[in-house]
Amino acid sequence: MTKGFYNLTSAMLTHGRMLDVSSNNIANVSTAGFKTDQFTASTFQEVMWQITGNRIKNYQDIGEQSFITAPRQMYTDFTQGSLDHTGLLLDFAINGPGWFAIERRSVEVNEETGAEEENIERVYTRGGSFMLDDEGYLYLAGQGRVLSAQEEPIQLGTDRLSPDNYGGLYTDNGAFRGRIGVFVFRNENGDVANEENLEKNEQGLFTANEDAEPRVEAAQVLNGWVERSNMDWVREMTRMLSTQRAYQSAAEVIKIYDNILTRVTQEAGRLT
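Residues numbered from 1 in each chain as written. Predicted model: local features only at pLDDT ≥ 70, side-chain atom pairs only at ≥ 80, totals over all residues. Heavy atoms only, no water.

A. Quick look at the overall build of the protein. The helix and strand inventory of the protein stands at 4 helices and 17 strands. Counting across all 272 residues of the protein, residues that qualify as buried make up 35%. Long-range contacts, defined as pairs at least 24 residues apart, comprise 67% of the intrachain contacts of the protein with a sequence gap of at least 6. Carbon and sulfur atoms provide 48% of the accessible area of the protein, an area that totals close to 16,700 Å². (Helix = DSSP H or I, 4+ residues; strand = E, 2+ residues; numbered from the N terminus. Buried < 20%, exposed > 50% of the residue type's maximum accessible area, 1.4 Å probe, protein only. Contact = heavy atoms within 4.5 Å. Areas by Shrake-Rupley, 256 points an atom, 1.4 Å probe, with all protein chains shown as cover.)

B. Region of the structure containing the nonpolar core. Judged by nonpolar contacts, the single largest core of 19 residues is most densely connected at Phe92, Phe100, Phe130, Leu138, Leu156, Leu169 and Ile180. Of all the elements in the fold, those that place two or more residues in this core are β4 (92–95), β5 (100–109) and β8 (138–140). Excluding anything up to four places from it in sequence, Leu156 contacts Leu90, Leu132, Gly136, Leu138, Leu161, Leu169 and Arg177. Counting 10 residues, the second largest nonpolar core, distinct from the first, contains Ala101, Tyr124, Phe185 and Ala212. (Core = buried A, V, L, I, M, F, W, Y, C linked by side-chain atoms within 4.5 Å.)

C. Structural context of the side chain of Lys200. Take Lys200: it is sitting in strand β13 (residues 198–200). One polar contact links the side chain of Lys200 to the main-chain carbonyl oxygen of Lys35, over a distance of 2.3 Å. Apart from the residues lying within four places of it in its own chain, the contact partners of Lys200 are Phe34, Lys35, Thr36, Asp37, Thr76, Leu205 and Phe206. (Polar contact = N/O pair within 3.5 Å; in protein donor to acceptor, adjacent residues only side chain to side chain.)

D. Fine view of the pairing of strand β11 (residues 176–179). Where strand β10 (residues 168–170) and β11 come together, 3 bridges link them in antiparallel fashion. Looking at β11, one finds that Gly168 is bridged to Arg179. Hairpin connection from β10 to β11: 5 residues lie between these consecutive antiparallel strands, with Gly174 at a positive phi of about 95 degrees. (Pairing = 2+ DSSP bridges.)

E. Geometry of the pattern of salt bridges. For the structure shown, the criterion picks out 15 salt bridges. One salt bridge in this structure joins Glu121 and Arg104, with 2.9 Å as the shortest N-O distance. With Glu121 in strand β6 (residues 116–125) and Arg104 in strand β5, this residue pair connects regions lying 17 residues apart in the sequence. You can call Arg104 buried: its relative accessible area is 16%. Across the pair Arg239 and Glu236 runs a salt bridge, and its minimum N-O distance is 3.5 Å. Remark: Glu236 and Arg239 occur in helix α4 (residues 233–271); sequence separation between them is 3 residues, near one turn of the helix. Residues joined in a network through salt bridges with shared partners are Lys35, Arg126 and Glu227. (Salt bridge = Lys/Arg side-chain N within 4 Å of Asp/Glu carboxyl O.)

F. Here's a closer look at a nonpolar patch on the surface. The grouping of Trp233, Val234 and Met237 at the surface amounts to a nonpolar patch, some 300 Å² of accessible area in total. By relative accessible area, which is 61% here, Val234 ends up exposed. (Patch = residues over 30% accessible without salt bridge, like charges linked within 9 Å, V, L, I, M, F, W, Y side chains within 5 Å.)

G. Expanded view of the environment of Gly157. Among the secondary structure elements, Gly157 is positioned in the loop between β9 (144–146) and β10. Overall, Gly157 belongs to the exposed group, its relative accessible area being 61%. Taking the C-alpha atoms as reference points, Gly157 and Gly136, separated by 21 residues in sequence, lie 4.2 Å from one another.

H. Up close: the packing of aromatic side chains. Inspection of every chain in the model, using the stated rule, returns 8 aromatic pairs. Centroid distance Trp99 to Phe206: 5.0 Å. Interplanar angle 55 degrees. Geometry classified as tilted. Remark: Phe206 occurs in strand β14 (residues 206–208) and Trp99 occurs in the loop between β4 and β5; sequence separation between them is 107 residues. Just as Trp99 is buried, Phe206 falls in that class too. Taking the centre distance of 6.2 Å and the plane angle of 65 degrees together, the rings of Tyr124 and Phe183 count as edge-to-face. (Phe/Tyr/Trp six-rings, centres within 6.5 Å; stacked < 30°, edge-to-face > 60°.)

Keep in mind these values describe shape, not function.
If you want it as structure tokens, here you go:
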């Protein structure tokens, strides 16, 4: 009977993790360019096989049981979200594959020398709700400066722009200020390969793997538009409700197990 506690406890932990993922998806429904996540679980044995990559056995099975579920993989849905017209001059949306590149700069103190060192990191996003920073550079709030097709920050100096449909930035008097870079990750066959090259961070942005080689490609960049979250309300709410009911059911059955074991312990004590 105590084996049931392993099943039910692992089920509660797994469903609790699924609820966290669904809650985060719903909380970011209004976040421009947000990509939803999906959490999957499997038996502990299958997870171990996945990690070690070895399913070869030199013994004969006489039976098999699995009592624990374990986290297996987090999937990100990279499909394009709907495009929403805002009319704002510093809002941009990519229609098709590709990412905006953001250069983040921070200062860290070297523990050995005590000297300050500048750390430069590049992250990728589909959210194009930009602004100008104090020096007039195109900027993603709270993150960093937007990179051009030449992989350099774009200094505009003004928000009076007349952008074209491919990320070209012109002032109202026709002066060219730069072109927003659209970076695409592809595999050896030339297909878009976001899953193999990108990993989501805590801010909902993406970092590239060390061996990833993004390249700048011509793409339609719409001014005055933003890409919304690709979350499906109906699907996400249905998944969340079913997961919550499964979590509650496991909790109720654990209470029943606990009551039965308590009763057995009390009765056994009387017999002795």
